[in-house]
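# Notes for the structure review
Listed here are the chains, written in short residue letters.
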Amino acid sequence: MEVIQQRLDQIDGKLDKLSDAVSRLAAVEERLIHQTTTLDSLNRKLEDSEKRIRTLERQASARGVVLASVERFGWLILTTVIGVVAYTLKG
């Protein structure tokens, strides 16, 4: 009878350890779910930022082309004005 009691106590101890392990495993799983959710959120924010940066780069590139054209046109007008003034003063 005492041997059976010892065996039952051992089984009870092992069940307690198993219960603790299952509880810890559930807590770890909950943390992993939270971290995965956080990573997904950060990934979406990063993708949104990348899209916005690409849009800004395209806009800046387009503005650069327009500004270069305006600058060339400005130099053309300035050169023409200087040429007209020089021609007028010479004549």
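For the structure, check the block above.
Below you will find a few notes about this structure. Since this is a predicted model, take the numbers as computed values, not measurements.

Next up on the list: the overall build of the chain. A count of helical and extended segments in the chain gives one helix and zero strands. In terms of overall size, the chain is more extended than a compact globule, its C-alpha atoms giving a radius of gyration of 39 Å where 91 residues would be expected to give roughly 12 Å. Considering only C-alpha atoms, the chain reaches an extent of 135 × 15 × 10 Å along its principal axes. With 91 residues in all, the chain has 0% of them scored as buried. Summed over its atoms, the accessible surface of the chain is roughly 8800 Å², and 64% of this surface lies on carbon and sulfur atoms.

Bringing a nonpolar patch on the surface into the picture now. A cluster of nonpolar side chains, Met1, Ile4, Leu8, Ile11, Leu15, Leu18 and Val22, forms an exposed patch at the surface whose accessible area comes to about 760 Å². Following the sequence through the fold, Leu15 ends up in helix H1 (residues 2–90).

Here Asp12 lies in helix H1. Counting along the chain gives 70 residues from Asp12 to Ile82, while the straight-line C-alpha distance between them is 103 Å.

If you trace the backbone, Gly13 turns up in helix H1. Overall, the relative accessible area of 29% leaves Gly13 in the partly exposed class. The spacing of Gly13 and Thr79 is 66 residues in sequence and 97 Å in space, taken between C-alpha atoms.

Cut-offs and rules
Here the residue index of a chain counts from 1 through its sequence in written order. This being a predicted model, a pLDDT of at least 70 is required before a residue's local features are given, and a value of 80 or more before pairs of side-chain atoms are given or counted; all residues contribute to the totals for chains, interfaces and linings. To get the side-chain values, take all heavy atoms of the structure and skip hydrogens and water. Runs of H or I in DSSP of at least four residues are treated as helices and runs of E of at least two as strands, each being numbered from the N terminus. Each radius of gyration reported is based on C-alpha atoms, and the globular scaling rule is 2.2 Å times the count of residues to the power 0.38. Relative accessibility thresholds used throughout: buried, under 20% of the residue-type maximum; exposed, over 50%; partly exposed, between the two (1.4 Å probe, protein chains only). Each accessible area value is a Shrake-Rupley result obtained with a 1.4 Å probe; residue values ignore everything except the protein chains displayed when judging cover. Patches here are clusters of residues that have more than 30% relative accessible area and form no salt bridge, with a 9 Å joining cutoff for like charges and a 5 Å cutoff for nonpolar side chains (Val, Leu, Ile, Met, Phe, Trp, Tyr). Any carboxyl oxygen of Asp or Glu that lies within 4 Å of a side-chain nitrogen of Lys or Arg is treated as forming a salt bridge with it.

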